[in-house]
Amino acid sequence: MNKSRKLILGFLERKTLSTLFILLAFGSVCQEMVTISGYVKDETSNEVILFAKVVIPELKTGVETNEYGFFSIEVPRKESYMIKFVSQEHPPFQQVISAMKSQIIEVELPKDKEQQVKEVTVRARRSEGEENVKNTEVSVIRLDIKKAKMLPALGGETDVIKVAQLLPGINRGVEGGTDFFVRGGDGDQNLILVDEATVYNPGHLFGFFSVFNPDVIKEMTLYKGGFPANYGGRLSSVTDIRMIDGDKKKIHGEGGIGLLSSRLTLQAPIIKEKMSIMLSGRRTYIDHVFKMVGQNLPYFFYDLNGKIHYKIGAKDQIMVSSYFGNDVLSVNSDATDSTDLFGFGFKLGNFTQTARWTHIFGQKLFSNLSLIHSRFKYDIGGKFGLNNVVIKSAIRDFSMKYDFTYFKSKSTKIKFGVHGINHNFRPNVISTAGDISDFLSSREGDLIATGEAAIYANIFHEFNEKWKLDGGLRLSSGFLKGKFYGGIEPRVNTTRILNEQMSLKGSYSRMTQYMHRVSSSSVALPTDLWYPATQNVRPQIADQIAASYNVFFPKLKSSLIIEGYYKYMQNLTEYKEGSNIILNDNFEDLLLQGNGWSTGAEFLLRKEEGRLTGWIGYTISWTKRKFDELNGGEAFWAKYDRRHYLTAVGIFDISPRVSFSAIFELATGARFTPIVGQYLQPNAGLSSIDVINIYAERNSYKMSTSHRLDVNFVFKSKPEKTKFAWEWHLGGYNVYHRATPFRITVVQDQDTGKLKYSQPGLFGFIPSVAFNFKF
């Protein structure tokens, strides 16, 4: 009996131990997970930091803050982890954070390299080139605003759009202009956002300056392809600009005085560490400069930016921002004034507002609700004796966006949302007074109301350390007067990591555009007209594939991106030459639609650290159009088809207080259609002889190749901590005075009767001086 009892007890003991072992093993496999989420901020200003890296070295995993500075990462429950935070503007920072329970935190990154956690030895920061090897972004550029301010600029005015034009795949239009053409697209196919609001006209002074004050820009991201599903409405590019929120800890200001304009930006806390305000203004004084030389040019432009940001609590924040800017050329009522350079005036500008609420549901679901208003309008007026004429056109948008980001796990992130826009177009509003009213009567113009709507979902998944996928789908629609258009827009990016320094990437995207822009070819005024897709004018569609080879050279702190693409575009629009959209209510009848395609290769070599930084970019591309009504129905080269485009940008720190920068550009000339012959033909009444021109194939000739060198020296105040810091910028635009061809002029030689072509340039050498300051 005792022997049996011992056998039974021994059996139960062994079973208990084995059961306990199984439970412990199972518990270790199914270890409890917690979520650490929150915001990464700047220690000095409490400003959120976008796209900062949050890495846990112990787990060999990490995430990135989103476009609102938020992150979320799931980790096994543990007493604490050492977490590393890395951003472009801050030295790497590490902090011990408890992981016993899920929590929302705020981490402030110091800019002082000496402020680090004592237990930690901080490694060098991961460069943008190194990060590019690992992520799934294809055809994406994030502009370094701090470095952009060091580069040469026309008139000393830092211009982020012109800096973006120096990168591969982006062709500038006319010399000095802010219009740009991405991978064979047209100028109206670029979506430009400021705090999520659309900016329809990004240029001042006929496009020679952009509307963006660099002092208020926190982040600028430009997508040439590989578009995330949350973006839509344009075919070729998206430029997403985020303004600074404002300093929540102390009063701070900065500004600049240049040859052509001055600016001032102020930031201050309303409630310390909870609520801030930012105000900024810029104005040119070209009008006063001309008065000093005895001429009357009553032209000026100005920009105003404002933002209020309020942190309600750990999970809620609200923000209201606005931009307002105008170009003004006043009409001189004294027609006998010989110093008046113009007989007309105009006023055009943008006005945007964004109201945003961000909320965190639980620990993993981040939401953003935005209400947005955007308006662009122009007024053109003239006074001729007792007659007065004013012509107006406007577009106004009201839109709503509700976006969600679900951080499912460290390897999976899902983003989804809805977007709706109400467009209101009012073209060709006319107001007249005087005798001219007898044949040109005043009218309000028709109000054209249309709408766009979209739902989207995007999922990022990391299958393993070597393979990542970012795919999505956008369902879009446009409607006007009972006409409905729908679009199915798939998006996919994939990355195959070959090793720590190399990767291959590929992308496919379809974009649909429900709006078009045309400019009158016969009026040299800012008369761009936006209009929606209609019964007769179909939406534009573009399919683009791209592939890239990415390399990082750790010893050189340099990176190389080699990228190829092919883009096919449908339902592109052209305006019949010689037509005029001013006073024309039937402008749709003058529009033509056709297709286009572009293919090319882009090379970008960047050096991001050290005393010498910068990049070399090169693009080789081919872009064609095909319209049944043009060029005999045969395909022809697009106007801004530039076969070769080479840029070299360098910034060299001569000393801690002195730096030198230079930009060199070389580009194939823009295309034009020449006259190759003439013949004589009697007119309809047989009273005279008309000379008829014979043209070559459309856009079959090119202007001369252009090249230009710009330089800039920067002299800084002493680096000691002071309440007032300053910089002097001394430089030159086009230092060897080689004007880039601006247009083609044709004159007939009086002796031989032959036609002579000339290529007048726009700018020669222009010196620049600017004084920038901070306090």
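Residues numbered from 1 in each chain as written. Predicted model: local features only at pLDDT ≥ 70, side-chain atom pairs only at ≥ 80, totals over all residues. Heavy atoms only, no water.

Engineer: Help me out: how do you make sense of the packing of aromatic side chains in this one?
Structural biologist: To describe a pair of aromatic rings, you give the distance between the ring centres and the angle between the ring planes. Per the counting criterion, the structure on display carries 29 aromatic pairs. Taking 6.3 Å as the distance between ring centres and 25° as the angle between the ring planes, the aromatic pair formed by Phe300 and Tyr302 counts as stacked. The class for Phe300 is buried, based on a relative accessible area of 18%. (Phe/Tyr/Trp six-rings, centres within 6.5 Å; stacked < 30°, edge-to-face > 60°. Buried < 20%, exposed > 50% of the residue type's maximum accessible area, 1.4 Å probe, protein only.)

Engineer: What is the right way to look at the pairing of strand 24 (residues 387-409) in this model?
Structural biologist: If a strand is regular, its side chains alternate between the two faces of the sheet. Of the pairings in the sheet, the one linking strand 23 (residues 365-384) to strand 24 comprises 20 bridges and is antiparallel in character. Paired with Ser367 across the two strands is Phe404, which belongs to strand 24. Between strand 23 and the antiparallel strand that follows it, strand 24, lie two residues; Gly385 among them carries a positive phi value of about 65°. Strand direction decides the pairing type here: strand 24 and strand 25 (residues 412-433), joined by 19 bridges, are antiparallel. The residue of strand 25 that forms the bridge with Val390 is Ser431. Counting the residues in the hairpin turn of strand 24 and strand 25 gives two residues. (Pairing = 2+ DSSP bridges. Helix = DSSP H or I, 4+ residues; strand = E, 2+ residues; numbered from the N terminus.)

Engineer: Got a minute to help me understand the sheet that holds strand 4 (residues 70-76) in this structure?
Structural biologist: Paired through their backbone hydrogen bonds, the strands of a sheet run either parallel or antiparallel. Taken in spatial order, the three strands make up an open sheet running 4-1-7, and their pairing is mixed. Because the sheet does not close on itself, it has two edges, and the strands there are strand 4 and strand 7 (103-109). For this sheet, the mean angle separating the axes of adjacent strands, direction not counted, is 30°. Where strand 1 (residues 33-42) lies against strand 4, seven bridges are found, and the strand directions are antiparallel. Paired with Gly38 across the strands is Phe71, a residue of strand 4. (Axes fitted to C-alpha atoms, helices over the stretch in contact; angles between N-to-C directions.)

Engineer: Can you walk me through the side chain of Ser393 in this structure?
Structural biologist: Note on placement: Ser393 falls in strand 24. When residues no more than four places from it in sequence are discounted, the contact partners of Ser393 are Phe376, Lys377, Tyr378, Arg426, Pro427, Asn428 and Leu529. (Contact = heavy atoms within 4.5 Å.)

Engineer: For this particular structure, what's the right way to read the sheet that holds strand 2 (residues 53-56)?
Structural biologist: Ordered in space as 3-2-5-6, the four strands form an open sheet in which the pairing is antiparallel. In this open sheet, the two edge strands, each paired with only one partner strand, are strand 3 (61-64) and strand 6 (90-99). Going across the sheet, the axis of each strand differs from the next one's by a mean of 25°, ignoring polarity. Alignment of strand 2 against strand 5 (residues 78-87), held across three bridges, turns out to be antiparallel. Each residue of the ladder has a partner; that of Val55, found in strand 5, is Lys84.

Engineer: Looking at this structure, I do not really get the environment of Val238. What am I missing?
Structural biologist: Within the secondary structure layout, Val238 lies in strand 16 (residues 237-243). The spatial distance from the C-alpha of Val238 to the C-alpha of Lys224 is 7.0 Å, given a sequence separation of 14 residues. Ignoring any residue separated from it by four or fewer positions in sequence, one finds Val238 in contact with Leu191, Leu193, Thr221, Leu222, Tyr223, Phe227 and Tyr231.

Engineer: Teacher, can you tell me more about the nonpolar core here?
Structural biologist: As a rule of thumb, soluble globular proteins bury nonpolar side chains together. Core analysis: the biggest nonpolar cluster contains 37 residues, and Val160, Phe212, Met220 and Trp615 have the highest contact counts within it. With four residues, the single largest contributor to this core is helix 4 (residues 160-164). Not counting residues up to four positions away in its chain, the partners in contact with Val160 are Leu143, Ile145, Phe212, Ile217 and Met220. In this structure, Ile286, Leu297, Tyr299 and Ile380 belong to the second largest nonpolar core, which totals 23 residues. (Core = buried A, V, L, I, M, F, W, Y, C linked by side-chain atoms within 4.5 Å.)

Engineer: Sorry if this is basic, but what is going on with the environment of Phe773 here?
Structural biologist: Turning to its location among the elements, Phe773 is positioned in strand 47 (residues 766-774). Relative accessible area serves as the criterion here: at 15%, Phe773 is assigned to the buried category. Apart from residues lying up to four places away in sequence, Phe773 is in contact with Gly253, Glu254, Gly255, Gly256, Leu264, Phe724, Ala725 and Trp726.

Engineer: It is not clear to me how the side chain of Gln593 should be interpreted in this structure. Could you clarify?
Structural biologist: Residue placement: Gln593 occurs in strand 34 (residues 591-607). Overall, the relative accessible area of 18% leaves Gln593 in the buried class. Within the structure, Gln593 has its side chain in polar contact with the backbone nitrogen of Arg538 (distance 3.0 Å). Here the side chain of Gln593 touches Asn571 through a polar contact of 2.9 Å, landing on its backbone oxygen. Here Gln593 is in contact with His516, Asn536, Val537, Arg538, Asn571, Leu572, Thr573, Phe627 and Glu629, once residues within four sequence places are set aside. (Polar contact = N/O pair within 3.5 Å; in protein donor to acceptor, adjacent residues only side chain to side chain.)

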